[in-house]
Structures are given as structure tokens and as C-alpha cells.
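# Report on the structure
Chain residues, written in single-letter form:
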Amino acid sequence: MLDQLAMRATSTTETHVDALIVGAGFGGIYQLYALRQLGLSVQVIDLAGDVGGTWYWNRYPGAMSDTESFVYRFTWDKEDLQTYPWTHHYIQGPDVLQYLEHVVERHDLRKHMAFNTELLSAEWSEPEKLWNVDVSTGIRYKVKYLITALGLLSRQNYPDIPGIDTFKGLKCHTAAWDDRIELKDKRVGVIGCGSTGVQVITAIAKTVKELVCFSRHPQYSVPSGDRPVTPEYRQMVNANYDKIIDQVRNSAYGFGFQESTRSFNEFTPEEREAIFEELWKQGNGFRFLGGGFNDIATNRVANAAACEFIRKKIQQIVRDPEKARKLTPHDHYARRPLCGGGYYEQFNRDNVSIVDLLETPITCITPNGIKTSDGVEHDLEIIIFATGFDAIDGNYTRINIRGRNDKTLKEHWGAGPTSYLGTNIAHFPNLFMVTGPQGPFCNIPAAIETHVEFITATIQQAEKVTAQSATQAVVETTEQAEHDWNKICEGAVEGSLFKETASWIFGSNVPGKPYALRFFFGGLKRFREEIQKVVQDNYRGYEPFIPS
């Protein structure tokens, strides 16, 4: 904080722009493009050294999108959809970065971007009707519209383990990966077995000397179904992109597969087993969740059957019964569904072992490795923290953002994050969030496009009102609208087993973090309908853009 205050004190340069966008990932890139199309002056800043957002930082071995390649991209450039190459059904981390760099160059957006630039503070000035934004380079931006595109999964979550700073070897969080780390023939420990842990372990098991997986909550993982794309498949996708985009926007999850409309209870036991087997062969976690039955997340019997099917697969795949036992989850199938390329098979390697942290918790990290409660000291040269993120609101509460009456966003979210439509917050005028809290739980690019298009249309309307009245328009939701949207989100998750399952989705992975509803679980289609109703109802839930 002292460094921030010193930076503010020495800040001598003021720059006026219509809009400042924080973040140069998927959301920031599209929001920049869209606002430039309106003719606004726009600046993007990012702490990273280049474009990529989450993907810039998460360069760990095995990093891969859990969404198939044909829908993990922008849909607003139809020509690029047809021509940009992708070789596999799933897009790997380096390929995501290459794609985003390509989009930025194709649309000449880099000249509007400043990297290695951290947002230090943002304060609303009521007399000026502007945000005063101080950044680490000594510039103060004075902007009409402040738009955060910080991503859902950006702020690293390190576990509080005694002795963490005493380790003599190398340690690294997957979200701050150091490409110089050489893993070959090393003794490696991986703490965490969520999506990232599954990917890392699968990628490095064959090359390290020894790999120890420290697992607190084993998770259900299904195959991804990744494979090379044939020319015929790509031709089919290209010929049907308009239909694909329409299907994504009118689905619950937005993953590009046909979601089931039939209940688990409508099938015989033999049919259910055959459907699960087919879903397993096809691959993709969200397809396993919603492609065979429409009630896996709400029907306890159906969910238990899905769990039991995956447990049987673990027993069939993993030859060592003790390893299989430690890999077997026992909670609901109600976290963000995981998929991978042979995760369970890695534990058939003699050099790969697993420690169940519920049975033998970590007591400390020593200079030579990790010690568990059974007295065993695991001798390691490298520790990889695949411990996830202080997700969604963690990116915001670390920043000094002050709205009306000097109220900070951290104070506003003291009991947990709330919003209106995942984009706006009461008492924070002209502040917009791309994929903010209580946005749709679905394929991220689809959610981003939905938010960016709504934000852009709202700013366009505000600019129109400003031009007509010669007074700066202010876009601000009401407390009541924020309260009502929270109720809608609560109603959408009611009856879902996700609500009963501790995970980062509700903040359970960070000690002391408020348990709160951080997504809208009603599906992408319904979310888009809710936004459309707000617009059609003359921006219901917002204060008049020009106060009377």
C-alpha cells in the first residue's frame, strides 16, 4: 500500500480516454474491439507482458481448455472462424495464446494496449462524472467508463503451510509458471488435483523421476476425447457454424454439444449404463454432465449413478488397489466437470504415487520436501502448487476500487460478491465487469461474448443519451436490482447438488472467504433472455442514465 501511495504521489501524467479496460484476455480483447467499433477512445492495461489473460500466466505443462476447439474462440469474426487453423479437438495453452495474438494483430488492437501495467486504484469522482485510475507506470487515467475483464481464474491461491519458505528446491504455482523449470528426471510433488493438477500430472508423469500427488479431495475426471481434427470434420464445422453459434447461445452450458432433454428416470438400468459408456467414449466433462440426461445435477439417484460409473472406471483402470482407493471420490458429481487425457492411467506408473491428505495431512514443508502427519518426509526437488485460485471476486477485492461516498468494492462485498447481471454494481457508476460474479456458469467465451455485447450496447445507449442532453450519462444499477438478481441466482441453483458441494465455485477453497453464490446456474440461454428483457424494459434495474 505504501508503494501504491508513493506511486500516486509521483504520478504526473494525466490521460483522458472514453474507456479503460483492465485485462487483455478474451474479454478485454473483444471489449476493446467492440468499443472501437463505436468510435470511442479506448485503452487496455494489463499486468502481464502481453495478451492472453489467464492463458498468459497459466503456461504449465499440459495446460488445455476443457472446451472443444470449435467453440473456444470468438464468433464475431465469421471469416476468421472459417480460416483460422486448429489441429485437435481441444486447444492447448500455447495455441490459445497464439490465437489471441493473431486476433490482436488481425484487428490492429495492440496500439491500444499497455502491458506490464498494474491497476493500483480507481476512484469515482462525482463532480467530474469520471473514474480517476492510477496505474503502476505513473499515469492517471481519467475515464468515463471503467471496464474490468480480469477473468474468473486469475488470482493465485497458495496454501498456508508451515515452512513453505524453507524449501531448498524449486517451487512454483501453476498460474505463475516458470518455463525455465526442468522437470525431466526430477523428484516432483504436486499439491492439488483439480483441473490443473489433473492436467499437470498427466503431462509430466512420463518424464519425471518420481511424482507424488498430494490429494485432499480426489475428483471425478472423464476422458476429453481429444484427437486430431480431420479435414472432413473441419469442413462439417465450417459449413454449420451459424447453426453451431445459435445452438450454443440457446443451450445451458454453451459447449457445442446437444444437451439432453430427457430425465435419468425415463431409461432402464441397461440403457443408462450404455449412455454413460457412450458419454465416456465421446469425452468432455460437461457432455458427461448434460449430454446423456438432463438431471444429473439435480436428481440424487442420477448423480449417484454417474458417480458410481466413474468410480468403477477408476477401479478398472488403476491396477494398484490402494492407489485406486485414494483416487476414488465420494462426494457428488457437482463441481466444474473435469476431463483429461489419461489421468488415472498415470498412476499405473511405478514412479507415480498418491498421498491422501485427509488421512495423512501435510504438517509442514521442510528444506528437503513435504512432511505428512504419519512422519514421512517426501524427498522432493520441485514442488508444484496446483492449488487453484481466489476465484472471481478475488481479482477485485485486492484492488482499491472506490465508488460513491468513498465506499470500496471490498466493503460492498463484505458478505460475499453480488452484482446485477454479473456486469454492474450498485454505488459504482459506469463500472462494468466482463464475467463478474453471478454471471452464467457455462463455456467462458460464450459468457464473455454475452457480457461484452450487453456492455457495449449499454455504453452505446449512454453515449446517445449524453449527446442528446449535453450531460454525461451515468450507468448505475440500483440496490434493489442487485438484491433481486441475487434472489434470481439463488432460485436458479435451488435443488442443484452443486449447492451442496464445497468448491471454488462458492469460495470454499480459500480459508476465510465468504461462502456465496458466484454464478447464475440457470443456463446461458436463460441468462441471455434475462439480459434481453432488461434492455427491452428500458434498462429495468438501472437508475435513469441522466438523473432528474
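All values derive from a computational prediction rather than experimental measurement. (Residues numbered from 1 in each chain as written. Predicted model: local features only at pLDDT ≥ 70, side-chain atom pairs only at ≥ 80, totals over all residues. Heavy atoms only, no water.)

### Some details on the overall build of the protein chain
For the record, the criterion: Runs of H or I in DSSP of at least four residues are treated as helices and runs of E of at least two as strands, each being numbered from the N terminus. C-alpha atoms define the radius of gyration in this analysis, and the globule rule sets the expected value at 2.2 Å times the number of residues to the power 0.38. Summary of the burial criterion: residues with accessible area below 20% of their type's maximum are buried, those above 50% are exposed, and those between are partly exposed, where the area comes from a 1.4 Å probe applied to protein chains only. When checking whether two residues touch, look at their non-hydrogen atoms; a contact exists if any pair is within 4.5 Å. In these tables, accessible area is a Shrake-Rupley quantity obtained with a 1.4 Å probe, and a residue counts as shielded only by the protein chains included in the view. In this tally, Lys and Arg are treated as positive and Asp and Glu as negative; His is ignored, and so are the chain termini. A charge is said to be at NZ when it belongs to Lys, at CZ for Arg, at CG for Asp and at CD for Glu.
If you tally the helices and strands in the protein chain, you get 17 helices and 22 strands. The globule rule puts the C-alpha radius of gyration for 548 residues at 24 Å, and the 24 Å found for the protein chain is close to it. Its C-alpha atoms give the protein chain principal-axis dimensions of roughly 75 × 55 × 45 Å. Every one of the 548 residues in the protein chain was classed for burial, and the buried ones make up 59%. In the protein chain, of all internal contacts separated by at least 6 residues, the share reaching a separation of at least 24 is 72%. Only carbon and sulfur atoms are counted for the fraction: they give 49% of the accessible area of the protein chain, which is about 22600 Å². Of the charged side chains in the protein chain, 57 are positive and 68 negative; the average position of the first set lies 1 Å away from that of the second.

### Some words on the sheet that holds strand S11 (residues 210-215)
Strand pairs in the sheet, formed through backbone hydrogen bonds, run parallel or antiparallel to each other. For clarity, the cut-off: Two strands pair if DSSP finds at least two bridges between them. Only the stretch in contact is used when fitting a helix axis, every axis being a line fitted to C-alpha atoms; angles between N-to-C directions are given from 0 to 180 degrees.
Taken in spatial order, the 5 strands make up an open sheet running S9-S18-S10-S11-S14, and their pairing is parallel. In this open sheet, the two edge strands, each paired with only one partner strand, are strand S9 (170-173) and strand S14 (352-356). This sheet shows a mean twist of 20° between the axes of neighbouring strands, independent of strand direction. When S11 meets S14, the two strands line up parallel, connected through 5 bridges. What sits directly across from leucine 211, in S14, is valine 352.

### Quick notes on the packing of aromatic side chains
What counts here: Centres within 6.5 Å make a pair out of two Phe, Tyr or Trp rings, where for Trp the six-membered ring is used; the pair is then stacked when the planes are under 30 degrees apart, edge-to-face when over 60, and tilted otherwise.
Per the stated rule, a full pass over the model turns up 41 aromatic pairs. Summarising the aromatic geometry, the rings of phenylalanine 255 and phenylalanine 286 are spaced 4.1 Å apart at their centres and angled 20° between planes, so their arrangement reads as stacked. Pair noted here: phenylalanine 255 is in the loop between helix H8 (241-249) and helix H9 (269-282) and phenylalanine 286 is in helix H10 (residues 285-290), with a separation of 31 residues, a long-range link. By relative accessible area, phenylalanine 255 is classed as buried at 2%. Judged by centre distance (5.4 Å) and plane angle (45°), the rings of phenylalanine 498 and phenylalanine 521 are tilted. Of the two residues, phenylalanine 498 sits in the loop between helix H16 (479-493) and strand S22 (519-520) while phenylalanine 521 sits in the loop between S22 and helix H17 (524-536), which places them 23 residues apart along the sequence.

### Regarding the state of the cysteines
What counts, and what does not: The definition used for a disulfide is geometric: two cysteine sulfur atoms within 2.5 Å.
All chains considered together, the criterion is met by 0 disulfides. Considering cysteine sulfurs only, cysteine 213 is the nearest to cysteine 364, which forms no disulfide, with 19 Å between them. Taking the relative accessible area as the measure of exposure, cysteine 364 reaches 21% and is therefore partly exposed. Here cysteine 489 is not disulfide-linked; the sulfur of cysteine 442 is the nearest cysteine sulfur, at 13 Å.

### Considering the packing of helix H15 (residues 444-469) against H17
Our working rule: Roughly parallel covers angles under 35 degrees, roughly antiparallel covers those over 145, roughly perpendicular covers 65 to 115, and oblique covers all other angles. Three classes are used, and their members are as follows: Ala, Val, Leu, Ile, Met, Phe, Trp, Tyr, Cys and Pro are nonpolar, Asp, Glu, Lys and Arg are charged, and the others, Gly among them, are polar.
At a closest axis distance of 11 Å, the pairing of H15 and H17 adopts a crossing angle of 0°. As judged from the angle between their axes, H15 and H17 are roughly parallel. In contact with Ala446, Thr450, His451, Glu453 and Phe454 of H15, H17 contributes Leu524, Phe527, Arg528, Ile531 and Val535. Tallied by class, residues from the contact of H15 with H17 come to 6 nonpolar, 2 polar and 2 charged.

### Thoughts on empty space enclosed by the protein
As a reminder, the rule being used: Using a 1 Å grid laid over the protein atoms alone, points where a 1.4 Å probe fits but cannot get out form a cavity; open sets with protein on both sides within 12 Å along at least 5 of 7 lines form a pocket; any residue with an atom within 4 Å of a point counts as lining. Grid points are joined across faces, edges and corners, and a volume is the space filled by probe spheres set on the points.
Under the defined criterion, the tally for this structure stands at 4 cavities of 30 Å³ or more. Taken as a whole, the largest cavity encloses approximately 130 Å³ of empty space. In terms of lining residues, the largest cavity is bounded by 15 residues, among which Val71, Thr75, Val248, Ala446 and Glu449 are the most central. Across the lining of the largest cavity, the residue classes tally to 8 nonpolar, 3 polar and 4 charged. Its boundaries defined by the atoms lining it, the second largest cavity holds a volume of some 80 Å³. What lines the second largest cavity is Pro218, Gln219, Tyr220, Pro329, Asp331, His332, Tyr333, Ala334, Arg335, Arg336, Pro337 and Leu338. Here the lining of the second largest cavity is composed, by residue class, of 7 nonpolar, 2 polar and 3 charged.

### Focus on the pairing of strand S3 (residues 64-68)
When you tally the buried positions in S3, you get 5 out of 5 residues, the bulk of the element. Pairing of S3 with strand S4 (residues 90-92) involves 2 bridges; the strand directions are antiparallel. Of the residues in S4, the one forming a bridge with glutamate 68 is tyrosine 90.

### Points about H17
Note the following rule: Every helix has an expected span of 1.5 Å times one less than the residues it contains. Working note: the arc is built from the helix axis to C-beta atom directions.
Between its terminal C-alpha atoms H17 stretches 18 Å, which fits the 18 Å expected from 13 residues at 1.5 Å a residue. All buried positions along H17 are accounted for by Leu524, Phe527, Glu530, Ile531 and Val534. Take H17 and look down its axis: the buried residues cluster within an arc of 120°, on one side only. As for H17, its buried residues are in contact with H8, strand S21 (439-440), H15, H16 and S22. Within two residues after H17, asparagine 538 carries a phi angle of roughly 60°, on the positive side.

### Regarding H8
Three or more residues of H8 are buried, namely Tyr241, Ile244, Ile245, Gln247 and Val248. End-on, the buried residues of H8 take up no more than an arc of 165°, which puts them together on one face. In H8, the exposed positions angled more than 90 degrees off the buried face are occupied by Asp242 and Lys243. Each element contacted by the buried residues of H8 is listed here: helix H4 (78-83), helix H7 (231-239), H15 and H17.

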